[in-house]
Amino acid sequence: MGLDSALTIAQPELLLAAAALGLLVVGAYSGRLAMTLVSWGAMLALGAAAVLAANGPLGQAFKGAFVSDGASVFAKVIIYAASGVAIFLGERWLVRAGNAKFEYPVLVLLAALGMGMMVSAGDLISLYIGIELQSLALYVLCAFQRDDARASEAGLKYFVLGALSSGLLLYGASLIYGFAGSTRFADIAGAVHGPASMGIVFGLVFLICGLAFKVSAAPFHMWTPDVYEGAPTPVTALLSAAPKVAAMVLFARVLAQAFPHDVPQWSQVVTAIALISVTVGALGGLVQKNLKRLLAYSSIANIGYALLGLASGSEAGLQAMLMFMVLYVIDVTGFFACLLALSRGGKPMETLPSLAGLVRLRPGLAIAITILSLSVLGLPPLSGFWAKFYVFKAAVSTPGMEPAAVYGLVMSVAAAFYYLRIIKTMWFDAPEGETDAPPLDARLVALGCAAFSFPLVIPALAVLDPLALAAAKAFGLA
Amino acid sequence: MSVEPLLLTLVFGPLVGATLAGLFGRRLGDLVSMSVTTGLLFLSCGLAWDVFCGFWAGHSHPVTVEILPFINVGDFHSAWSIRLDTLSAVMLIVVTTVSALVHLYSWGYMADDPSKPRFFAYLSLFTFAMLMLVTAADFMQLFFGWEGVGLASYLLIGFWFKKDSASSAAIKAFVVNRVGDFGFALGIMTVFWMFHTIRFAELFPLIAAKQNATWSFIGQDWSALDLAGFLLFIGAMGKSAQFFLHTWLPDAMEGPTPVSALIHAATMVTAGVYMVCLLSPLYEHAPVARSIITVIGAITALFAATVGLAQNDIKRVIAYSTCSQLGYMFFAAGVGAYQAAMFHLFTHAFFKALLFLGAGSVIHGMHHEQDMRKMGAVGKFLPITYAVMVIGTIAITGLGIPIKGMEIGFAGFFSKDTILGAAYAAGEHSPYGYFAFCIGVFAAGLTAYYSWRLIFMTFNGTAKWGEHADHGHDAHAHDDHAHAHDDHGHDHGHGAFKPHESPVVMLIPLFVLAAGAIAAGFVFAPSFVGEHREAFWQGAIFTAKSNEVLEKIESLPSWVGYLPLIVSVLGAVVAIYFYLLREGLAKRIADNDGPLHRFLYNKWYFDELYQAVFVNGAKALGDLFWKGGDQKIIDGLGPNGFAWLAGFAGRQLGRIQSGLVYHYAFVMLLGVAGLLSYALWAFAH
């Protein structure tokens, strides 16, 4: 395969890389317009990359290190769209916060580039490069409010623990390379037959641990509440959406394509992580008063459900995982958009009690939060219900997974408490005082996501279902 | 003309009336609602008499009209239908006649009530349910009607729902009837279990073959037919207020008096008797169940009569009298004289409705005073009411001349004497017959005493309502509903209070019923229980070959006929002595409050007993399950326990979340170690 065709396959990522570098230069020379200009340029680039990815050729480039297939295309469209929304939300927010630095959109762009590479990784090397590119950009984004102690702390914590996880991941990768003799997924799959050797098991588990950190699955979740709380809210919105999709798809690709013969084995490990995550997410959220921390636990629990889909180790399970991630990303983006839209006296309303009586102050947003809460809770026929429905359907149809599915269901009941408490606070408690007028951008996103959760999700399911199925086929599991 | 449209009009007319008055009563207005319901009832009544006369004259024959299928599941088939035979024709005239008269009577009695359309809708609804009951061709429709009359009874007892005592009486009636209905439903299930059908026409021919079928329970074989008969009789006990399940009937007097006349005297409470007679093919083969019916009926007759001696509320006296008369009907059926039971049901409907409506006329005239101790000398002011009440009393006490071949007397004389004669005749085969006879005769004396006592206390003697200036307030406290009656009362002024005769709409029904109370006996006796009975019943009542009680009545010694007469005259004489000649003596005895009087006045302490055993017992049991079982064990270990556990775990997780990076790293590494161990174990398996 020639370089031409390889570059064609990598077109969207090349475009993003070029745009990031170009916009840095543009930003440096455009003075006060820089933030607006670079932001819209970045959104344009993400849009174009999504279009290119959707219409570009499929295949392998760079000797299999870079893969473009149904799964990567599906994931890229979501990732780029979610990153675009993060820029859209962040630009105005930073302007209002008096921190309108044009590096924000560029860093998001670079993170998106890293995520794009993650979902296209067909080799342990490109896997690591993708992860690091994404992570480094996100570390910086978390600490973007340099004057804010909590933001700096969040960024630093994330960086230190991220470095530890990278170490675990690299150690695992090196063990696998040592025992399989190759870094390419396809070659590893060819080398690992039958009962895996001790070295492969070690390598695989370390690799899983490193990836579990990236998706913030328990017990590698400890950073999540602190970072979610400390990071600027638009960054948290980004953190909880696009990188999760990228890491989940990468997770699935490594396990499905490098270890297709050990499905029952890695399935058990992933199930364990999934159930711990579901438990920690459900129980940890019960005592949280800060909404961003609450959403951190919510995301831990939800990643648990996505992992349950992955742990099913079947085409249906992977389809369920992809469906879950799409629907969850839209819900969580809407949630954070609501938080971005709400402030009182210039200060963001981030605690549960501050939402008291919101329905009387901001009925539109209160209804949006209600819909989104009910959706994440899993109430039919809202989108979150369908997400969980896919996962549990896949889990119960996999022999041996039934107890795990039941346990997940029980824990989703426990988690329902904190979503319902949000609703109760908004609808039945007495308001504390007037809120500021919500900004248009955040309100638009919030209402749009809520409208998707219900009722738009019903027709959307008909479109998403076959797309997710096609994407799941690309992983090559039966 | 085909009989079908006629029957449909007869049965569904009242439903149409109930629907119109119930749903559109406010829009139609009082007058239209009342006219429509009453008009339709009189139409039904006319048709019913037409139908009945066909059977009486002997040129009509049993027919069943199937209207719609109801339930078809497996062997279980039920259809909405109208079964017409002599038995249901008798019930049709009883129900529609009394109902039509009560509708008319209510024009006057309820004239001041603000929710007349609702009242008339309930009355018509009741009538419809009762007609469904009596025309049922299978157990399902019978049960439907059974529950329908129960519902209507509940609604009408609690018609003045703002009055606490009326609400609780309605609930009591409903709950006590549930007990009976539970047995009834079990009985139906037993029948279906035994015969795989609930249609009477299919069921009855099968019964004889199952005579010896048994059912094993606690190591013993029981006759399955007796079991079915007994369970069904429990339903009848509830509906007909028999001993043990009678407690609701006196309280049901909280309802408006026309309701008491219609439901709690003439029709609904006789549904149990009707059912036993309808199921005569079953009971003829269930001797044990019949013995139980005889004993329960006799005990009820005695019990209610004794309690009736000491009551002071005019309606309660009549209620206990009803209870007692129902006991007569049941033991008549129990000894095998179903025809006599039906005959007494028929005549009783006239004179008991008459007594109730007469009492209603008194209550109306006395401005809602019901306590007989505050009456007296009312006869002067309500002469017509007085006259018809005396007719009703003569009828119920069974006064008549029992000379063989030329009996002369009012309605009750014929039916009651037939019953007592049948009981005596049955005594030849079973001791229960003699038992019922003795009790029946004794109760007849008591009946005479309390019935005449009612007349004398109310209409004769000295006026007690003048001394009590506060009677009006008492009455109104007693009847909170009577805000409309306030005006009515004020017209006369509380100081110059004078009872007044009722308006014509209330008197016409009294005349009609008085005519029935006089004539129903000698006109219909030959057909119901006399020489024409075979031709009259046309097989609607089954009597086994060995059952010859009615034949034997002819050849009984003549003292059997005279004894009830002597006893009831004696009762009347005692009443005259106590309440006319030595007025005030009875009051002194009552004021002495001896143990016997207290026992009777408190109705043998049944309410207290039930309160202690069932109500408090159920409460204690409920408390045990609620506080102990539900709150402590289920909630404690279940929802609350899990909630506590979840909260506890959440707080512990929060403590681990210290904010310190090295703690986080430590947890991560612990996670790696744990997962690695798990994976090594998992991969090895």
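Residues numbered from 1 in each chain as written. Chains lettered and ligands numbered in written order. Predicted model: local features only at pLDDT ≥ 70, side-chain atom pairs only at ≥ 80, totals over all residues. Heavy atoms only, no water.

A.B. asks: Requested: an account of the overall build of chain A, with residues and values cited.
C.D. replies: The secondary structure content of chain A amounts to 20 helices and four strands. Evaluated residue by residue, chain A yields a buried proportion of 64% over its 478 residues. The contacts in chain A between residues at least 6 apart in sequence include a share of 81% that link residues at least 24 apart. Accessible surface, chain A: about 16,000 Å² in total, of which carbon and sulfur atoms supply 71%. (Helix = DSSP H or I, 4+ residues; strand = E, 2+ residues; numbered from the N terminus. Buried < 20%, exposed > 50% of the residue type's maximum accessible area, 1.4 Å probe, protein only. Contact = heavy atoms within 4.5 Å. Areas by Shrake-Rupley, 256 points an atom, 1.4 Å probe, with all protein chains shown as cover.)

A.B. asks: Account for the overall build of chain B, naming residues and giving values.
C.D. replies: If you tally the helices and strands in chain B, you get 28 helices and six strands. Scored against the burial criterion, the 685 residues of chain B give a buried share of 58%. Intrachain contacts of chain B at a sequence separation of at least 6 include 78% that bridge at least 24 residues. Within the structure as shown, chain B displays about 26,700 Å² of accessible surface, and the carbon and sulfur contribution to it stands at 68%.

A.B. asks: Lay out unusual backbone geometry with the relevant residues and their values.
C.D. replies: All names here are of chain A. Put simply, Pro380 and Pro381 share a cis peptide bond, and its omega is 0°. Relative to the helices and strands, Pro381 resides in the loop between helix 17 (363–377) and helix 18 (383–396). Of note, the bond from Phe454 into Pro455 is cis; its omega dihedral lies within 30 degrees of zero at 15°.

A.B. asks: How would you summarise the layout of surface pockets if you had to cite specific residues and measurements?
C.D. replies: Residue and element names in this part refer to chain B. Looking at the largest pocket, its volume works out to about 860 Å³. In terms of lining residues, the largest pocket is bounded by 33 residues, among which Arg453, Tyr579, Ala586, Lys587 and Ala590 are the most central. For the lining of the largest pocket, the elements supplying multiple residues, two or more each, are helix 12 (287–309), helix 17 (431–459), helix 23 (558–581), helix 24 (585–592) and helix 25 (595–601). With six residues, helix 17 is the single largest residue contributor to the lining of the largest pocket. Within this model, the second largest pocket holds a volume of roughly 680 Å³. Secondary structure elements with two or more residues in the lining of the second largest pocket: helix 16 (411–426), helix 20 (504–528), helix 22 (549–553) and helix 23. It is helix 16 that provides the largest number of residues to the lining of the second largest pocket, a total of six residues. In terms of residue class, the lining of the second largest pocket is built from 14 nonpolar, six polar and six charged. (1 Å grid on protein atoms, 1.4 Å probe; cavity = no way out; pocket = protein on both sides within 12 Å on 5 of 7 lines; lining within 4 Å. Points joined across faces, edges and corners; volume = space filled by probe spheres on them. Nonpolar A, V, L, I, M, F, W, Y, C, P; charged D, E, K, R; others polar.)

A.B. asks: Lay out the pattern of salt bridges with the relevant residues and their values.
C.D. replies: With the rule as written, the count across this model stands at 26 salt bridges over all chains. Across the salt bridge formed by Glu229 of chain A and Arg293 of chain A, the nearest N and O atoms sit 2.7 Å from each other. Taken as a pair, Glu229 of chain A in helix 10 (residues 223–230) and Arg293 of chain A in helix 14 (residues 291–311) lie far apart in primary sequence, 64 residues in all. The exposure classification of Glu229 of chain A matches that of Arg293 of chain A, with both residues buried. Residue Glu202 of chain B pairs with Arg199 of chain B through a salt bridge whose shortest N-O separation is 3.1 Å. A relative accessible area of 39% places Glu202 of chain B in the partly exposed class. Residues participating in the shared-partner salt-bridge network are Arg150, Glu153, Lys157, Asp226, Glu229 and Arg293 of chain A. (Salt bridge = Lys/Arg side-chain N within 4 Å of Asp/Glu carboxyl O.)

A.B. asks: Explain the interface of chain B and chain A to me, and be specific about the residues and the numbers.
C.D. replies: Tallying the contact residues gives 26 residues for chain B and 36 residues for chain A. Taken together, the connections running from chain B to chain A amount to zero salt bridges. In this assembly, chain B and chain A are joined by four residue pairs in polar contact (both at pLDDT 80 or more). Mapped by element, the contributors of at least two residues to the side of chain B that touches chain A are helix 27 (639–656) and helix 28 (661–684) of chain B. Considering every element that reaches the side of chain B that touches chain A, the biggest residue donor is helix 28 of chain B, with 16 residues. Grouping the amino acids of the side of chain B that touches chain A by side-chain chemistry returns 19 nonpolar, six polar and one charged. (Polar contact = N/O pair within 3.5 Å; in protein donor to acceptor, adjacent residues only side chain to side chain.)

A.B. asks: A description of the nonpolar core should follow, citing residues and the corresponding values.
C.D. replies: Grouped together as the largest cluster of nonpolar side chains are 207 residues, with contacts concentrated most on Phe139, Leu232, Met342, Phe346 and Phe528 of chain B. Of the residues forming this core, the biggest block, 18 residues, is contributed by helix 14 (residues 338–365) of chain B. Residues in contact with Leu232 of chain B, not counting those within four places in the same chain, are Phe139, Gly183, Phe184, Gly187, Ile188, Val191, Met275, Leu279, Leu282 and Tyr283 of chain B. Ranked by size, the runner-up nonpolar core spans 198 residues in total, among them Phe74, Ile79, Val245 and Met426 of chain A. (Core = buried A, V, L, I, M, F, W, Y, C linked by side-chain atoms within 4.5 Å.)

A.B. asks: Run through the side chain of Glu91 of chain A, naming residues and quoting values.
C.D. replies: Within the fold, Glu91 of chain A resides in helix 4 (residues 70–96). Ignoring any residue separated from it by four or fewer positions in sequence, one finds Glu91 of chain A in contact with Met35, Thr36, Ser39, Trp40 and Tyr104 of chain A.

A.B. asks: Give a description of a nonpolar patch on the surface that names residues and reports values.
C.D. replies: Residues and elements named next belong to chain B. There is a patch of nonpolar side chains on the surface, built from Val16, Leu20, Leu23, Phe24, Leu28 and Val32 and spanning about 490 Å² of accessible area. Locating Leu23 in the fold gives a position in helix 1 (residues 3–57). In this structure Leu23 comes out as exposed when scored by relative accessible area, which is 64%. (Patch = residues over 30% accessible without salt bridge, like charges linked within 9 Å, V, L, I, M, F, W, Y side chains within 5 Å.)

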